[in-house]
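Coordinate inspection notes
Here are the chains, one letter per residue:
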Amino acid sequence: MKEKPSLLDLFCGMGGWSIGFYRAGFDCTGVDIVDVGYPYRFVLSDIRNYHPDRRYDVVVASPPCTEFSPLTKLSAYKGERPPPDPEKGMVLVREAVRVIDEAKPKFWVLENVYGSIPYISQILGAPSLIARPWVLWSNFQIPSPTPAPGARVNKGGNKLGLP
């Protein structure tokens with residue numbers, strides 16, 4: 001029997017990415033610092049301490065966007081929290097890139113918000129897709145047959161060096 005393709009979902013939360021991959025026949029593994037009901041194989045771990053136990057066909061990563069979000073700036077302006085600290089967010093992005101490199105997937109994608117572009121692009125190059133408020137970086141061209149209003153497709157590469 002043929003082995004199922006495998007997915008590693010970093011910062012998996014409840015499995016928003018994984019659900020679609022599971023329905024498409026993937027064996028899914030999620031990694032996060034808290035289990036909020038991830039429905040497949042779950043690894044409770046801080047990404048800074050996580051090392052993949054195998055190779056994965058696909059890795060998806062959605063590092064927290066708090067430090068890049070315009071809502072964080074608004075909350076800081078209202079005095080509800082300190083100002084955003086993009087470097088704090090970049091620590092987790094760099095760890096996601098490290099795990100992607102260790103997992104050696106055929107395909108990977110990292111998702112974040114529009115405000116992250118100037119920071120994440122410094123290490124991954126131009127985004128593969130901008131569909132506000134979401135931005136995707138990947139090692140493959142992301143088709144956008146019917147872009148949302150304001151969406152922009154960038155056919156540029158990435159700096160991670162994976163195929």
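Residues numbered from 1 in each chain as written. Predicted model: local features only at pLDDT ≥ 70, side-chain atom pairs only at ≥ 80, totals over all residues. Heavy atoms only, no water.

Things to note about the confidence of the model for the protein
This prediction gives the protein a mean pLDDT of 88; 88% of its residues lie at or above 70. Taken as a whole, residues 155–163 scores under 50 in pLDDT and shows 23 contacts with residues more than four places along the chain or in a different chain. (pLDDT = per-residue confidence, 0-100. Contact = heavy atoms within 4.5 Å.)

Let's talk about the side chain of N112
Secondary-structure assignment places N112 in strand β5 (residues 107–113). Judged by its relative accessible area of 1%, N112 falls in the buried class. Of note is the side chain of N112, whose polar atom sits 3.0 Å from the backbone oxygen of P63. Once residues within four sequence positions are removed from consideration, N112 is found in contact with P63, P64, C65, F68, I120, P133, W134, V135 and W137. (Helix = DSSP H or I, 4+ residues; strand = E, 2+ residues; numbered from the N terminus. Buried < 20%, exposed > 50% of the residue type's maximum accessible area, 1.4 Å probe, protein only. Polar contact = N/O pair within 3.5 Å; in protein donor to acceptor, adjacent residues only side chain to side chain.)

A few points about the pattern of salt bridges
One pass over the structure, following the stated rule, counts eight salt bridges. D57 is the salt-bridge partner of K106, the closest N and O atoms lying 3.4 Å from each other. Within this pair, whereas K106 is found in the loop between α3 (86–103) and β5, its partner D57 is found in the loop between β3 (41–44) and β4 (58–61), the two being separated by 49 residues in sequence. The exposed category is assigned to K106, whose relative accessible area is 53%. Bridged by salt links that share partners, the residues E95, R98 and E102 form one connected network. (Salt bridge = Lys/Arg side-chain N within 4 Å of Asp/Glu carboxyl O.)

Side note on helix α4 (residues 117–124)
Within the sequence span of α4, burial applies to I117, I120, S121 and L124. End-on view of α4: buried residues confined to an arc of 105°, all on one side of the axis. The inward-facing, buried residues of α4 contact α3, β5, β6 (129–131) and β7 (134–138). Among the residues trailing α4, G125 stands out with phi positive, at a value near 80°. (Arc of directions from axis to C-beta.)

Section: a nonpolar patch on the surface
Residues M14, I33, V34 and V36 make up a contiguous nonpolar surface patch of roughly 400 Å² in combined accessible area. The partly exposed category is assigned to V36, whose relative accessible area is 45%. (Patch = residues over 30% accessible without salt bridge, like charges linked within 9 Å, V, L, I, M, F, W, Y side chains within 5 Å. Areas by Shrake-Rupley, 256 points an atom, 1.4 Å probe, with all protein chains shown as cover.)

Considerations on the packing of aromatic side chains
Using the criterion set out here, one finds six aromatic pairs in the structure. Between the aromatic rings of Y38 and Y40, the centroid separation amounts to 5.6 Å while the plane-to-plane angle is 85°, which identifies the pairing as edge-to-face. Residue classification places Y38 among the buried positions, given a relative accessible area of 6%. Among the aromatic side chains, those forming a connected cluster through ring pairs are Y22, Y38, Y40 and F42. One cation-aromatic arrangement involves R54 over Y56; the distance from NZ or CZ to the ring centre is 4.7 Å. Note that R132 overlies the ring of Y114, its terminal NZ or CZ placed 3.5 Å from the centroid. (Phe/Tyr/Trp six-rings, centres within 6.5 Å; stacked < 30°, edge-to-face > 60°. Lys NZ or Arg CZ within 6 Å of the ring centre and 35° of its normal.)

Topic: the layout of surface pockets
In this structure, the largest pocket encloses a volume near 260 Å³. Of all elements in the fold, only β2 (27–32) and α3 reach the threshold of two or more residues within the lining of the largest pocket. Class assignment of the residues belonging to the lining of the largest pocket gives a composition of seven nonpolar, three polar and five charged. (1 Å grid on protein atoms, 1.4 Å probe; cavity = no way out; pocket = protein on both sides within 12 Å on 5 of 7 lines; lining within 4 Å. Points joined across faces, edges and corners; volume = space filled by probe spheres on them. Nonpolar A, V, L, I, M, F, W, Y, C, P; charged D, E, K, R; others polar.)

Description of the nonpolar core
Nonpolar side chains tend toward joint burial in soluble globular proteins. Counting 27 residues, the largest nonpolar core has L8, L10, Y50, V59, L110 and W137 as the members making the most contacts within it. Those elements giving two or more residues to this core turn out to be β1 (6–10), β4, α3, β5, α4 and β7. Residue contributions to this core peak at seven residues, all from α3. Non-local contacts of L8, meaning those with residues more than four positions away in its chain, are made with T29, V31, Y50, Y56, V58, V59, V60, V99 and A103. Core analysis: the second largest hydrophobic core is formed by 13 residues, C12, Y38, V109 and I142 among them. (Core = buried A, V, L, I, M, F, W, Y, C linked by side-chain atoms within 4.5 Å.)

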